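# Topology and contacts: notes
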Amino acid sequence: MTPKLGVAVNEALLIPDPAARRRILDHIAGAGLDHVTTGDHISFQGGTGFDGLVSATSILAANDTLSVLIGVYLAGLRHPMVTARQLATISQIAPARLILGVGVGGEDRSEISNAGVDPATRGRRLDETLEALCKLATGETVDHQGQFFSFSNARILPPPDPRVPLVIGGSGDAAVRRAAAYGDGWLGIFCSARRFGETVERIGDATAETGRPAPSWFGLSMWCGLGSDRDRARELLGRRMQALYNQPPERFQHVTAAGTPVQVAEKLAPFVEAGAEHLTIVTVADSVHDGIDLAAEVRRLLQAEFAAVG
């Protein structure tokens with residue numbers, strides 16, 4: 001398996017300067033990186049965030065070749081008819097270049113309640129959303145009477161062609177069940193390589209019981225401090241994690257990476273061995289362009305290692 005590697009550089013792309021945005025995306029594509037990952041939050045940790053589908057559209061419109069992974073979209077906080085229409089529209093302008101990762105959220109319960117959703121129902125609401133999205137993606141007429149959504153004689157035309165892949169984010173039993181029931185794959189974050197491999201195996205076993213085709217897309221997003229010096233990389237990463245999550249950086253040390261490209265590649269290699277073919281580095285470096293170059297070197301090292309193994 002030859003791993004693919006992309007980057008998440010969210011803040012650097014959320015700027016009003018289209019020329020600067022295109023320079024960043026052209027740099028990512030020119031460096032040989034495989035995709036851009038963007039996130040999604042409505043109002044996280046006191047108000048931060050951005051809309052994942054809007055961000056993805058801006059990337060797809062500004063670059064003609066890069067694929068975009070939304071990792072992850074809080075689909076359960078939106079009406080599935082609206083999300084299905086957005087996916088169909090994006091597919092008209094950039095077919096086969098979007099992968100939709102979905103998750104329940106939950107790190108900030110107020111984000112969910114302020115969106116009008118009872119946090120205790122967010123899992124069931126996401127399940128119903130996924131069921132509806134899968135039906136609406138066919139282009140056929142859909143009647144749906146559920147606990148949270150009801151619509152009749154509903155149809156989304158033209159349907160995405162090809163269909164937008166759905167990958168399930170999260171961990172634990174619920175993520176395994178959702179990936180087996182609805183997903184084309186699974187996206188992990190903040191986990192060990194051992195846990196990653198175990199989850200891949202569990203999803204395969206659970207999918208076999210449903211009779212659905214086994215998911216073939218398995219990915220990992222990891223926050224990575226990158227630099228020529230490990231101490232400097234750790235300092236940059238620690239500051240960013242504490243600012244975003246309002247948690248001490250030590251809490252994330254075992255599920256993040258910091259250092260030179262060689263050191264970061266060493267941290268990621270066991271995940272590739274465990275089945276992670278699609279890797280995203282959430283870059284933290286002295287500049288966005290430094291981060292892109294260093295991430296490209298991580299990609300080169302991993303591809304050389306696993307090409308040699310193959």
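A few points on the structure.

Reading the values: the criteria
Residues numbered from 1 in each chain as written. Predicted model: local features only at pLDDT ≥ 70, side-chain atom pairs only at ≥ 80, totals over all residues. Heavy atoms only, no water. Helix = DSSP H or I, 4+ residues; strand = E, 2+ residues; numbered from the N terminus. Phe/Tyr/Trp six-rings, centres within 6.5 Å; stacked < 30°, edge-to-face > 60°. Buried < 20%, exposed > 50% of the residue type's maximum accessible area, 1.4 Å probe, protein only. Salt bridge = Lys/Arg side-chain N within 4 Å of Asp/Glu carboxyl O. Axes fitted to C-alpha atoms, helices over the stretch in contact; angles between N-to-C directions. Parallel < 35°, antiparallel > 145°, perpendicular 65-115°, else oblique. Left-handed = near helix turned anticlockwise from the far one by under 90°. Contact = heavy atoms within 4.5 Å. Nonpolar A, V, L, I, M, F, W, Y, C, P; charged D, E, K, R; others polar.

Another point: unusual backbone geometry. For the peptide bond that leads from Leu157 to Pro158, omega is -5°, which places it in the cis range. With respect to the secondary-structure elements, Pro158 resides in the loop between strand 8 (150-154) and strand 9 (166-169). For the bond from Asp161 to Pro162, the omega torsion is 0°, close enough to zero to count as cis. Within the fold, Pro162 resides in the loop between strand 8 and strand 9. The residue Phe190 is not glycine, and still its phi comes out positive at about 55°. Locating Phe190 in the fold gives a position in the loop between strand 10 (185-189) and helix 8 (193-210).

Once that is clear, we can look at the packing of aromatic side chains. Taken as a whole and assessed by the stated rule, the structure comprises 6 aromatic pairs. Considering the side-chain rings of Phe44 and Tyr245, the 6.1 Å spacing of their centres and the 80° angle between planes classify their relative orientation as edge-to-face. On the criterion of sequence distance, the pair formed by Phe44 in strand 3 (residues 41-44) and Tyr245 in helix 9 (residues 230-245) is long-range, its members being 201 residues apart. For the pair shown, Phe44 and Tyr245 are each scored as buried. On the numbers, 5.9 Å between centres and 80° between planes, the contact of Phe190 with Tyr245 is edge-to-face. With Phe190 in the loop between strand 10 and helix 8 and Tyr245 in helix 9, this pair connects stretches of sequence that are 55 residues apart. On the accessibility criterion, Phe190 (29% relative accessible area) is partly exposed.

Tallying each qualifying case throughout the model produces 15 salt bridges. The residue Asp184 makes a salt bridge to Arg163 at a minimum N-O spacing of 2.9 Å. Taken together, the positions of Asp184 in the loop between helix 7 (172-182) and strand 10 and Arg163 in the loop between strand 8 and strand 9 put the pair 21 residues apart, joining distant regions of the chain. Between Arg300 and Glu297 there is a salt bridge, with the nearest N and O atoms lying 2.7 Å from each other.

Turning to the packing of helix 4 (residues 80-93) against helix 6 (residues 122-136), a few remarks are in order. Contact geometry for helix 4 and helix 6: axes closest at 9 Å, N-to-C directions at 45°. One element, helix 4, and the other, helix 6, form an angle in the oblique class. Judged by the twist between their axes, the crossing of helix 4 over helix 6 is right-handed. Packed against helix 4, whose contacting residues are Pro80, Met81, Thr83 and Ala84, the element helix 6 presents Thr129, Ala132, Leu133 and Leu136 at the interface. Across the contact of helix 4 with helix 6, the residue classes break down as 6 nonpolar, 2 polar and no charged.

Function-wise, these values are silent; they only describe arrangement.
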